[in-house]
2 protein chains.
Amino acid sequence: MGLRERKKEKTRLAILDAALDLFLEQGYESTTVEQIAGAVEISPRTFFRYFTNKDHLAMWFHDHGEEIMLETLAERPADEPPFTALMHALRSVLADVEGSTPDDALRFLKLRRLLDGNPHLVGKSVARGAQTERRLAEVIAARRGVDPDEDQLTHLIVAFAMSTMRVGFECPRRDCTIEEIQRRMAESIELAERCLRPGWDLQH
Amino acid sequence: MGLRERKKEKTRLAILDAALDLFLEQGYESTTVEQIAGAVEISPRTFFRYFTNKDHLAMWFHDHGEEIMLETLAERPADEPPFTALMHALRSVLADVEGSTPDDALRFLKLRRLLDGNPHLVGKSVARGAQTERRLAEVIAARRGVDPDEDQLTHLIVAFAMSTMRVGFECPRRDCTIEEIQRRMAESIELAERCLRPGWDLQH
DNA sequence: TGACTTATGGCACACTGTGACAGGACGGTT
DNA sequence: AACCGTCCTGTCACAGTGTGCCATAAGTCA
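Treat the numbers as computed from the prediction; the structure is a model and nothing was measured.

> Explain the environment of Thr177(A) here, please?
Residues and elements named next belong to chain A. Structurally, Thr177 is set in the loop between α9 (152-169) and α10 (178-195). Residue classification places Thr177 among the partly exposed residues on the basis of a relative accessible area of 34%. At 3.1 Å, the side chain of Thr177 and the backbone nitrogen of Glu180 are in polar contact.

> Explanation requested: the protein's contact with DNA strand C in the structure shown.
Neighbouring DNA strand C are 20 residues, the closest being Leu3(A), Arg4(A), Thr46(B), Arg49(B) and Tyr50(B). In the environment of DNA strand C, a phosphate oxygen lies 2.3 Å from a nitrogen or oxygen atom belonging to the side chain of Thr46(B). Among the elements of the structure, α1 (3-26) and α3 (44-50) of chain A together with α1 (3-26) and α3 (44-50) of chain B are those that each provide at least two residues to the surface near DNA strand C. Ranked by the residues each element gives to the surface near DNA strand C, the list is headed by α3(B), at four residues. In the surface near DNA strand C, the residues fall into five nonpolar, six polar and nine charged.

> How should I be thinking about the protein's contact with DNA strand D in this particular structure?
Thr46(A), Arg49(A), Tyr50(A), Arg4(B) and Arg45(B) are the nearest of the 21 residues found near DNA strand D. For DNA strand D, the fraction of protein-proximal atoms (within 4 Å) that sit in sugar or phosphate groups is 57%. Here Lys8(A) contributes a side-chain N or O atom positioned 2.9 Å from a phosphate oxygen of DNA strand D. Contributing elements (two or more residues each) for the surface near DNA strand D: α1 and α3 of chain A together with α1 and α3 of chain B.

> Please explain the side chain of Thr154(B) as it appears in this structure.
Residues and elements named next belong to chain B. The topology assignment puts Thr154 in helix α9 (residues 152-169). Exposure remark for Thr154: the relative accessible area of 0% places this residue in the buried category. Side-chain polar atoms of Thr154 contact the side chain of Asp151, separated by 2.5 Å.

> Any chance you could explain the interface of chain B and chain A here in plain terms?
When the parts come together, some accessible area is lost, and that loss is often what is quoted as the size of the interface. Taken together, the contact between chain B and chain A spans 36 residues of the former and 36 residues of the latter. Here chain B meets chain A over a buried area of about 3100 Å², counting both sides, of which 57% is carbon and sulfur. Considering only the surface of chain B that becomes buried against chain A, Gln152(B), Cys195(B) and Arg197(B) emerge as the three largest contributors, covering 23% of it. Taking the shortest distance from any N to any O, the salt bridge between Glu133(B) and Arg166(A) comes out at 3.4 Å. Here chain B and chain A share 17 residue pairs in polar contact (both at pLDDT 80 or more) between them. Looking at the side of chain B that touches chain A, the elements with two or more residues in it are α8 (119-144), α9 and α10 (178-195) of chain B. Of the residues forming the side of chain B that touches chain A, the biggest block, eleven residues, is contributed by α9(B).

> Whenever I open this one, the pattern of salt bridges confuses me. Can you help?
Here the idea is simple: oppositely charged side chains can pair when their charged atoms come close. All told, the structure shown has 26 salt bridges over all chains when counted by the stated rule. Its salt-bridge partner being Arg112(A), residue Asp116(A) comes within 3.4 Å of it at the nearest N-O pair. In this pair, Asp116(A) and Arg112(A) both sit in helix α7 (residues 102-116), four residues apart, roughly one turn of the helix. For Arg112(A), a relative accessible area of 11% gives the class buried. Asp151(B) serves as the salt-bridge partner of Arg144(B), at 3.1 Å between the closest nitrogen and oxygen. The exposure classification of Arg144(B) matches that of Asp151(B), with both residues buried. A cluster of three or more residues bridged by salt bridges with shared partners is formed by Asp63(A), Glu66(A), Arg128(A) and Arg135(A).

Rules and cut-offs
Within any chain, residue numbers begin from 1 and follow the written order of that chain's sequence. As a convention, the first chain written is A and the first ligand written is 1, with the rest following in written order. A pLDDT threshold of at least 70 governs which residues receive local features in this predicted model, and a stricter bar of 80 or more applies before side-chain atom pairs are shown or counted, although totals over entire chains, interfaces and linings include all residues. Excluded from the side-chain calculation are hydrogens and water; included are all heavy atoms of the structure. Put simply, DSSP marks the helices as runs of H or I at least four residues long and the strands as runs of E at least two long, and each gets a number from the N terminus on. Buried residues are those whose accessible area, probed at 1.4 Å on protein chains only, stays under 20% of the maximum for their type, while exposed residues exceed 50% and partly exposed ones sit between those limits. Throughout this description, a polar contact denotes any pair of N or O atoms lying within 3.5 Å of each other; where both atoms belong to protein, one of them has to be capable of donating a hydrogen while the other can accept it, and for residues adjacent in sequence the pair is counted only when both atoms sit in side chains. In this text, near means that some heavy atom of the residue lies within 4 Å of the molecule or strand in question. Each residue is assigned to one class: nonpolar for Ala, Val, Leu, Ile, Met, Phe, Trp, Tyr, Cys and Pro, charged for Asp, Glu, Lys and Arg, and polar for all the others, Gly among them. The contact criterion used is simple: two residues touch if any of their non-hydrogen atoms lie within 4.5 Å. Summed over both partners, the accessible surface that disappears when two parts come together, traced with a 1.4 Å probe, is what is meant by buried area. For salt bridges, the criterion is a side-chain nitrogen of Lys or Arg within 4 Å of an Asp or Glu carboxyl oxygen.

Honestly, it's all geometry; don't read function into it.
Here you go:
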């Protein structure tokens, strides 16, 4: 990895950290791109070369999470029930956060704290989730051997899985730890599985 | 109802219709507020007094739908299982569209067609749905006699209901009729109920 | 008619996001 | 080390969004 790429990655993280701190300090809306750029000593123009917009900063984790879910899903045995496979993919995301560097874990928690106080950002986040949902639906449809345009159950399976994830991520306390999130997520998964009929995701 | 209010409502609908037509004709992103305002012969400044932003236009239906869902929910017997009550609320929304004026029905279909070709707008729409989800969670928590901050099942019930709704609204064909949407929605509801264990939403 | 409330338009303004171009830093080659 | 092509960055210009402010016009009620 050359100096150029390392420098880029460093700038990327510097922007992210400066932005998260500014957001938490003075609010998301009232923080401008100019301020963020100023804090990292880059031009506003350069900011937009790293992140397409301010929202993209808060969606940083989704890109990573989606990637992990798709990777995990590809590795799960083909005969595993779709919802079960999705729940495993979900656990992988959290396991990755737990196994990451302390810096990354801190970023993750800051992001969560940010979302807590900004319903508007939660909305954006859910919107990003809709994109993930479409991608997952493609994969699950392939697993089930159906056309995603025709099979409602495929979409229901994925939507239920994403619902389970969102419920698990929610955390009423501000000072939520990763362990606590992991516990709530496990609870949510268990709850969802208890609510659904056995074999419901294998119908045709 | 005075002249002033009637005039306002007329302007509101005129903006909506002009915008929907422009969006479908030349695309959502490439339609500016100035163009919409020009088509209705108002100033851009006035546009923003009717709709907070361009997105708000595409969310017009949500405001109405949410209202109906909350109203219906309030009317359902208190001892009805929460998910069942939510499914009734959902059906009310569609029944309302069916029972509305031909103009409103046309607007509804145009909006659906617009969403079909704009994943970005679907995202915004889902984000708006997250807001509805929070409101519904309050009501369902009250019905269940629990604290919405503590009870994960409440959130799961609402999230599953909204998932069912979104799946039902999706329509692979461009020239979808209201009858077809209603049929798909009924299918989706039936499917969801078949997937869930009887009494799953009555646990504590 | 006159006094009020409210909607509208016009203006200035801050912010977002993008295209185009010039200069500088990096990477590989000789 | 010197060279050159590639990639990154900053500057400038610009279109578009969204808001506060104030004057004015239209609707409302006495």
